Amino acid sequence: MSSLPLKSLRNIGIISHIDAGKTTVSERILFFSGKIHRIGEVHEGAATMDWMVQEQERGITITASNTTCQWGEYWVNLIDTPGHIDFTIEVERSLRVLDGAVAIFSGVEGVQPQSESVWRQADRYQVPRICLINKMDRVGADHQAVLEQIRQRLHARPVLMQLPIGAESTFSGVIDLLAERALSFPDPEQSHFPVAGPVPESFREAVDSAREQIVEAAADFDDTILNDFLEAKPIAVERLHKALRKGVVEGKIFPVFLGAALRNKGIQPLLDAVGLYLPSPLDLPPVQAFNPVTEVNEELPCDPKGPFCAMAFKVLSDEGRKLTYLRIYSGEIKVGDTVFNAARKHQEKIARLFRMHSHKRERIMEAQAGDIITATGLKDALTGDTLCFSEHPLILSGLNIPDPVVSLAVESRSVEDREKLLPALEKLQWEDPTFRVREDADTGQTILSGMGELHLEVVARRLTDDFGIVVKTGRPQVVYRETIQKPVTRHEIFEIEAEGKGQRGEIRFTITPLKRGSGVHIHIPADEKITLPEELRQALYDTWERSCQAGIRSGYPLIDVEIVLLEAPYIPGITTEMGVRAVGQKGFSLAAAEASPTLLEPIMALEIVSPGEFSGKVLASLQQKGGRIEGMESRGELDTIRAEVPLSQMFGYMTELRSATKGRGTFTMEFSHFSQAPKEDLARFGFPV
Ligand SMILES: Nc1nc2c(ncn2[C@@H]2O[C@H](COP(=O)(O)OP(=O)(O)OP(=O)(O)O)[C@@H](O)[C@H]2O)c(=O)[nH]1
Ligand SMILES: [Mg+2]
């Protein structure tokens, strides 16, 4: 099918902490919707959506993959995302283009650190969500505790839609509170449909009180329900659906369902809920796109007849060619159309269009607003770029791309491989904007940088798996940052005579430290003291941007600074671009050197779960690393320890934690902030100590 019916289309993602069961749920969705005929398990390396060799070997999702399936009257474009923080860009790009999401929590572990991270990402893009508390079959599963954590940690309002029948190993089904029926889930070999029966008498009271809470939540979005509720009149289930749907689409409530995906329980009601509560592309407010010609923001409703506008949210290198994932917001495209990349001012031709099923493709001839598809033929478009038609240029806001904190030197083993290495790395960079490559000017080594040890390990392995290149890798290193500690104002003139032509530039500017996390701000205001024409202003901006990237002493980028141009006279025929670039660069180096430069190191937020008996050992080792313990909570026999620790101390921590806890401790870690680096590091890079 080429174009999907818009009203019944659901573009959804599955998001959660590592291991909560996203891929296991996705596999069941594909199975029960008839898209696949056999269930493949993650731990057997057989799940459809984990198609990459390394995903199958490691039993984790690395790259988000998508597929389309049909559930009753609904069409679902589904993206299964990874939970590990090193692959956070995959969640980011998915949430940027999705209309709704299913957030999964483990019934045992509850709201974990990455659950919080992905929840915040979804908040940022205002993605409506429903929730699944999974693993209800496991010992210690407690949905009430998870609901409380959703309230406390995510500051969200969950609405419990089901009650569990049985617990842990006897978990056998759920009570559907709205329809007031008991659902059990037969072995899928026998039947794909839940079996409905009456609510057992023992549940009566619990059902009445839980159902009342749903009605109260619905009443917040429909006054007539509130009135009928107060007058104790019966309220049709359809009216409740409609009101809840409104609350979900507005992002105010989050219906919660229960299941055990591995045991094939709870999936069909979840799919029903995707259709009932999550929005179609038509239900969402129009997207905003900037028209660079009129310089006006335009509102684009999801309309196939509107101007063509799509976001390239993912690029995959497939046998050396680019496969570009597109979310179409407005208009339509056909095979052979020429599209315009408004930011890069570049025309490109769509060679082919596909609908994806994990990494398999189905050719289609056209696609329209609301859909998620892939295209070949686009050579230049990168993640976050907007495609449109040249007669109506449009630019959508891009996505948040976190900066790398870990680097790794790589070297090819053979001479032939050396030639293949850089082109292969370039292809991997198309795919992943959080992965960077540079040559070290001093050693000539190729340095990869990325989000974490696992991220770079995966990239290095892909060089072998996808490109047949064997590399030797160095030890992972911290990617530091530089900053300054005091403001400096400088007046700088540059004048030379080169090849018979004079080159001149003159500027006065200040460079000021900003508070941590501010980034780099360069201001070139328009006032009477700055008479540079536009192209020279741009040249100066570029020069400063690059200077910040290159840093002052250590080669690491300079951050948390503001550079403001105060004066820049323009003398026609005398001030030149080369002069402006030279004065910008020289002025920057001198001012930055005077501004008391220093080095910052990344600090990581750590959450460790350890059996209580080993917690003392774990805490002692964290303290030895210069970590700051933020808190500790006990639940059952497990302790959860939260701490902040410099990344430089964390390489190889997995092995250390395993040996300290007899293999029973686990941890997650994510970047928290940059902080002053210790004296040894300052000295190593030649900063004053
Ligand atoms: N007992 C039990 N185990 C489950 C359930 N769902 C998933 N699992 C297991 O939990 C492990 C992780 O499941 P995945 O589906 O890979 O989790 P994920 O969220 O996709 O993980 P990442 O992609 O790595 O973030 C696998 O071994 C599953 O078999 C469940 O309902 N009950
Ligand atoms: Mg997965």
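The rules behind these values
- Residues numbered from 1 in each chain as written.
- Chains lettered and ligands numbered in written order.
- Predicted model: local features only at pLDDT ≥ 70, side-chain atom pairs only at ≥ 80, totals over all residues.
- Heavy atoms only, no water.
- Helix = DSSP H or I, 4+ residues; strand = E, 2+ residues; numbered from the N terminus.
- Rg over C-alpha atoms; globule rule 2.2 N^0.38 Å.
- Buried < 20%, exposed > 50% of the residue type's maximum accessible area, 1.4 Å probe, protein only.
- Contact = heavy atoms within 4.5 Å.
- Areas by Shrake-Rupley, 256 points an atom, 1.4 Å probe, with all protein chains shown as cover.
- Lys, Arg positive; Asp, Glu negative; His and termini not counted.
- Charge placed at Lys NZ, Arg CZ, Asp CG, Glu CD.
- Near = heavy atom within 4 Å.
- Polar contact = N/O pair within 3.5 Å; in protein donor to acceptor, adjacent residues only side chain to side chain.
- Nonpolar A, V, L, I, M, F, W, Y, C, P; charged D, E, K, R; others polar.
- Donors = N, O, S within 2.8 Å, 3.2 Å for Na, K, Ca; no water.
- Core = buried A, V, L, I, M, F, W, Y, C linked by side-chain atoms within 4.5 Å.
- Expected span 1.5 Å × (residues − 1).
- Phe/Tyr/Trp six-rings, centres within 6.5 Å; stacked < 30°, edge-to-face > 60°.
- Pairing = 2+ DSSP bridges.
- Axes fitted to C-alpha atoms, helices over the stretch in contact; angles between N-to-C directions.

S.K.: Is there a simple way to explain the overall build of the chain in this structure?
M.R.: Tallying secondary structure elements over the chain gives 16 helices and 38 strands in all. Against the 2.2 N^0.38 benchmark of 26 Å for 689 residues, the chain shows a C-alpha radius of gyration of 28 Å, consistent with a compact globule. Taken across its 689 residues, the chain has 54% of its residues classed as buried. Across the chain, the fraction of contacts at a sequence separation of at least 24, relative to all contacts at a separation of at least 6, is 71%. When the accessible surface of the chain is summed, it comes to about 30300 Å², and 50% of that surface belongs to carbon and sulfur atoms. Treating the 77 positive side-chain charges of the chain as one cloud and the 97 negative ones as another, the clouds have centres 2 Å apart.

S.K.: Would you take a moment to explain the site of ligand 1 for this structure?
M.R.: In the vicinity of ligand 1 there are 22 residues, among which Lys22, Thr23, Thr24, Thr61 and Asp137 approach most closely. One nitrogen or oxygen atom from the side chain of Lys22 is found 2.7 Å from an oxygen atom belonging to ligand 1. Measuring from an oxygen atom of ligand 1, one finds a side-chain N or O atom of Thr24 at 2.5 Å. Of all the elements, helix α1 (residues 22-32) adds the most residues to the shell around ligand 1, at three residues. Grouping the constituent residues of the shell around ligand 1 by class yields eight nonpolar, eight polar and six charged.

S.K.: Quick question: what am I supposed to make of the coordination of the magnesium ion (ligand 2) here?
M.R.: Tetrahedral coordination by four donors sets the ideal angle at the metal to 109.5 degrees; octahedral coordination by six donors sets it to 90 or 180 degrees. Taken together, Thr23 (OG1) and Thr61 (OG1) make up the protein donors of the magnesium ion (ligand 2), found 1.9 to 2.0 Å from the metal. Residue Thr23 is found in helix α1, and its partner Thr61 is found in the loop between α2 (53-58) and β2 (65-71); the two are separated by 38 residues along the sequence. The pair formed by Thr23 and Thr61 is uniform in burial state, with each residue classed as buried.

S.K.: Looking at this model, I keep getting lost on the nonpolar core. Mind explaining?
M.R.: Nonpolar side chains tend toward joint burial in soluble globular proteins. Val25, Val102, Phe105, Ile130, Leu244 and Tyr277 are the most contacted members of the largest nonpolar core, which totals 82 residues. With seven residues, helix α6 (residues 204-219) is the largest single contributor of residues to this core. Beyond its immediate sequence surroundings of up to four residues, Ile130 is in contact with Ala101, Val102, Ala103, Pro255, Phe257, Leu270, Ala273, Val274, Tyr277 and Leu278. Within the second largest apolar cluster, 42 residues are counted, among which are Ala460, Leu600, Ala677 and Phe685.

S.K.: Even after reading the chapter, I still don't get the environment of Ala167, so can you show me in this structure?
M.R.: Residue placement: Ala167 occurs in the loop between β7 (162-165) and β8 (173-176). The partly exposed category is assigned to Ala167, whose relative accessible area is 47%. Note: C-alpha distance between Ala167 and Gly59 (108 residues apart in sequence) is 27 Å.

S.K.: Can you walk me through helix α12 (residues 534-550) in this structure?
M.R.: For an α-helix the count is 3.6 residues per turn, leaving residues at separations of three or four pointing the same way. Spanning 17 residues, α12 covers 24 Å between terminal C-alpha atoms, matching the ideal 24 Å at 1.5 Å per step. Within α12, burial applies to Leu536, Arg537, Ala539, Leu540, Thr543, Trp544, Ser547 and Cys548. In the core, the buried residues of α12 are packed alongside β32 (501-513), β33 (520-523), β34 (561-567) and α13 (577-594). Positive backbone phi, approximately 75 degrees, marks Gly551, located one or two places after α12.

S.K.: Even after reading the chapter, I still don't get the packing of aromatic side chains, so can you show me in this structure?
M.R.: Throughout the structure, instances matching the rule amount to eleven aromatic pairs. Between the aromatic rings of Tyr556 and Phe685, the centroid separation amounts to 5.7 Å while the plane-to-plane angle is 80 degrees, which identifies the pairing as edge-to-face. Here Tyr556, found in the loop between α12 and β34, pairs with Phe685, found in the segment after α16 (679-684); they are 129 residues apart in sequence, far enough to count as distant. In terms of burial, Tyr556 and Phe685 fall into one category: buried. Geometrically, the ring pair formed by Tyr653 and Phe667 is edge-to-face, given 5.0 Å between the ring centres and 85 degrees between the ring planes.

S.K.: Got a minute to help me understand the side chain of Asn134 in this structure?
M.R.: With respect to the helices and strands, the residue Asn134 is situated in strand β5 (residues 129-134). Separated by 2.8 Å, the side chain of Asn134 and the backbone nitrogen of Ala261 make a polar contact. Residues within four places of Asn134 in sequence aside, it is in contact with Ala20, Gly21, Ile104, Phe105, Ser106, Gly107, Gly259, Ala260 and Ala261.

S.K.: Explain the sheet that holds strand β10 (residues 195-197) to me, please; I cannot follow it from the model alone.
M.R.: Strand pairing within a sheet occurs via backbone hydrogen bonds; the two strands may be parallel or antiparallel. Within the open sheet, the four strands sit side by side as β7-β8-β9-β10. Their pairing is antiparallel. The outermost strands of the open sheet, each flanked by one partner alone, are β7 and β10. Taken pair by pair, the neighbouring strands of this sheet meet at an average axis angle of 30 degrees, ignoring direction. The pairing of β8 with strand β9 (residues 181-184) spans four bridges and is antiparallel. Directly across from Ile175, in β9, lies its bridge partner Ala182.

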